[in-house]
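Examining the three-dimensional arrangement
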Amino acid sequence: MERRQIQLPLSEQAVRSLKAGELLALSGPLYTARDAAHKRLTETLQQGLPLTVDLQGQTIYYAGPCPAPPGQVIGSVGPTTSGRMDAYTPLLLQHGLRVMIGKGQRSPDVIAAIQSYGAVYLGATGGAGALLARHVRSSEVIAYPDLGPEAIRRLVVVDFPVIVLIDTKGSNLYLSGPAQYRRDR
Amino acid sequence: MREISVDLIRDCVARLCQEANFLLPPDIMEALRDAAGRETSPAGQAVLDDLLENAALARSRRMPICQDTGMAVVFAEIGQDVHVTGGWFEDAIRQGVAQGYTTGYLRPSIVSDPLLRRNTGDNTPPVIHTRIVPGDQLHLTVAPKGFGSENMSAARMLSPSEGTDGIRRFVLETVEKAGSNPCPPVVIGIGLGGTLEKAALLAKQALLLPSQASNEQSHLAELEKDLLQAVNDLGIGPGGLGGKVTALALHILAWPTHIAGLPVVLNMGCHATRHAEAYL
């Protein structure tokens with residue numbers, strides 16, 4: 001299937017052009033952050049302090065990679081379950097986060113925030129960490145190194161394969177996709 | 001009496017941790033290929049293609065199939081004529097996990113306390129289930145369990161009057177709620193009967209059965225078939241994007257239970273449901 005080429009970071013206009021179900025190939029920088037990093041980012045914002053990572057217009061990938069073996073850029077790096085970040089997400093969207101990459105459903109609050117802030121939720125194939133690692137060109141820890149695999153990393157990716165799960169209008173592939181194949185008995 | 005040294009046990013566990021994380025079991029590979037042949041949803045098909053390519057890459061490059069290299073669950077069947085020498089059996093397993101995860105560049109995913117949440121750094125401790133069996137062999141199985149799927153598991157103490165209808169409602173409710181979180185197509189392990197913890201252990205053991213296996217008892221084999229069909233009729237599909245294949249396999253293990261009870265536990269396994277075993 002043909003994938004639409006997308007350069008990161010995405011402009012607001014470009015985000016609004018994405019439609020649920022569309023296949024994309026992302027190139028550019030993104031940031032990994034998962035449970036523990038989200039907790040710290042949120043605590044920082046709640047204290048009224050600036051973030052160590054400027055998320056304005058940026059992309060977060062919910063992932064905690066395996067350690068890189070010698071000579072490799074990164075270990076396996078697939079998406080983790082996004083729902084665990086739901087409690088923290090509306091605040092980050094309010095502070096400018098524009099693109100999220102993960103797997104799994106989002107809460108009604110997150111979906112509402114996606115629509116009101118003009119953001120997008122993308123899906124990478126869950127369980128395909130070895131395949132996704134091939135699309136990572138560089139990786140560096142930029143915040144919270146003490147969190148180990150949960151540190152925030154800046155990755156530069158090339159042709160990173162994703163599908164649009166929830167678009168700016170709130171269309172949700174996790175509802176429309178399965179509905180077509182459901183067989184009620 | 002046969003002697004087995006703790007060094008041998010440690011090295012074997014280390015090897016199994018890596019094997020389980022790098023090599024998708026052949027029966028699961030076969031089930032994925034079969035699913036790819038049946039799936040009609042284009043998005044679902046693309047996910048299955050990704051998973052097959054991912055498994056091939058992981059195998060050839062000795063990379064983890066998934067970055068969530070799991071909590072190491074170790075099943076040990078110890079022959080009663082085995083004598084473990086040179087140290088404590090559980091220390092050997094623990095050291096094996098640390099060695100396997102550290103030298104294999106597998107992600108340390110374990111926190112030392114469920115509330116304080118500090119990473120232990122070497123993926124220890126494992127969860128160890130031991131059983132004393134006849135004979136003089138040691139059978140070790142390492143099943144690294146990722147939490148995308150583990151979190152989607154559930155237990156319910158049904159009333160006997162709820163019977164198979166109650167089991168069915170519970171299973172469908174649990175799988176539907178899980179949706180795309182456990183990286184479908186999933187493998188489902190169901191423990192029926194016993195007590196709360198017995199049913200949970202049976203559910204985990206059910207995940208280790210060959211994917212084509214069905215229960216030896218015909219009424220349970222029927223129930224497995226019926227539940228698998230009902231789960232696939234939910235339409236969740238590969239990756240939760242919609243499709244015909246939501247589960248690759250569903251296994252039931254049952255145990256006698258109390259006159260007042262019908263415990264049921266569903267242990268969710270991801271598409272890989274990793275495990276590796278060895279006999280010493």
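Residues numbered from 1 in each chain as written. Chains lettered and ligands numbered in written order. Predicted model: local features only at pLDDT ≥ 70, side-chain atom pairs only at ≥ 80, totals over all residues. Heavy atoms only, no water.

Right, let's get into the pattern of salt bridges. One pass over the structure, following the stated rule, counts 23 salt bridges over all chains. Where Lys39(A) meets Glu43(A), a salt bridge forms, and the shortest distance between an N and an O atom there is 3.4 Å. Within this pair, Lys39(A) and its partner Glu43(A) are both found in helix 2 (residues 35–46), separated by four residues, close to a single helical turn. Put simply, Arg15(B) and Glu19(B) hold a salt bridge, and the shortest N to O gap is 2.9 Å. You can see Arg15(B) and its partner Glu19(B) sitting in helix 1 (residues 6–22), four residues apart, about one turn around the helix. (Salt bridge = Lys/Arg side-chain N within 4 Å of Asp/Glu carboxyl O. Helix = DSSP H or I, 4+ residues; strand = E, 2+ residues; numbered from the N terminus.)

This paragraph deals with the sheet that holds strand 5 (residues 138–145) of chain B. Residue and element names in this part refer to chain B. The strand order across the open sheet built from four strands is 4-2-5-10, with neighbouring strands paired in mixed fashion. For this open sheet the edge positions go to strand 4 (127–133) and strand 10 (276–279), each flanked by a neighbour on one side alone. Taking each pair of neighbouring strands and ignoring which way they run, the sheet shows an average axis angle of 15°. In this structure, strand 2 (residues 71–79) lies alongside strand 5, joined through eight bridges in antiparallel fashion. (Pairing = 2+ DSSP bridges. Axes fitted to C-alpha atoms, helices over the stretch in contact; angles between N-to-C directions.)

Turning to the nonpolar core, a few remarks are in order. Residue and element names in this part refer to chain A. The biggest cluster of nonpolar side chains holds 84 residues, and the ones touching the most others in it are Leu 26, Tyr 61, Ile 101, Leu 122, Ile 152 and Phe 160. Here this core gets nine residues from one element, more than from any other, and that element is strand 7 (residues 152–166). In this structure Leu 122 touches Leu 24, Leu 26, Val 99, Met 100, Ile 101, Gly 102, Val 162, Ile 163, Val 164 and Leu 165, once residues within four positions along its chain are discounted. (Core = buried A, V, L, I, M, F, W, Y, C linked by side-chain atoms within 4.5 Å. Buried < 20%, exposed > 50% of the residue type's maximum accessible area, 1.4 Å probe, protein only. Contact = heavy atoms within 4.5 Å.)

Bringing the pairing of strand 5 of chain B into the picture now. Residue and element names in this part refer to chain B. The buried fraction of strand 5 amounts to eight of the eight residues, a majority that puts the element mostly inside the structure. Along strand 5, one buried face is formed by Leu 138, Leu 140, Val 142 and Pro 144 and the opposite face, lined by His 139, Thr 141, Ala 143 and Lys 145, is buried too. In this structure, strand 5 lies alongside strand 10, joined through four bridges in antiparallel fashion. Along strand 10, the bridge assignment pairs Leu 140 with Ala 278.

All names here are of chain B. Each domain of chain B was delimited in the assignment, giving domain 1 (2–20 + 65–145) and domain 2 (148–273). Taking only C-alpha atoms, the centre of domain 1 and the centre of domain 2 are 26 Å apart. Counting residues at the interface gives eight residues for domain 1 and 13 residues for domain 2. Both faces considered, domain 1 and domain 2 share a buried interface measuring about 630 Å² in area, 76% of it formed by carbon and sulfur atoms. (Domains from an automatic or database assignment. Buried area = accessible area lost by both parts, 1.4 Å probe.)

A word on helix 2 of chain A. All names here are of chain A. In a regular helix each residue adds 1.5 Å, so 12 residues correspond to 16 Å; helix 2 covers 17 Å between its end C-alpha atoms and thus fits that length. Inspection of helix 2 places Ala 36, Ala 37, His 38, Leu 41, Thr 42, Thr 44 and Leu 45 among the buried residues, and these make up the whole buried set. Buried-residue contacts for helix 2 involve strand 3 (59–61), helix 3 (89–94) and strand 7. One or two steps after helix 2, the chain reaches Gly 48, where phi turns positive at roughly 75°. (Expected span 1.5 Å × (residues − 1).)

Glancing now at the environment of Ser159(B). Residue and element names in this part refer to chain B. Relative to the helices and strands, Ser 159 resides in the loop between strand 6 (154–158) and helix 6 (163–178). Residue classification places Ser 159 among the partly exposed residues on the basis of a relative accessible area of 31%. Taking the C-alpha atoms as reference, Ser 159 lies 5.7 Å from Leu 262; in sequence the two are 103 residues apart.

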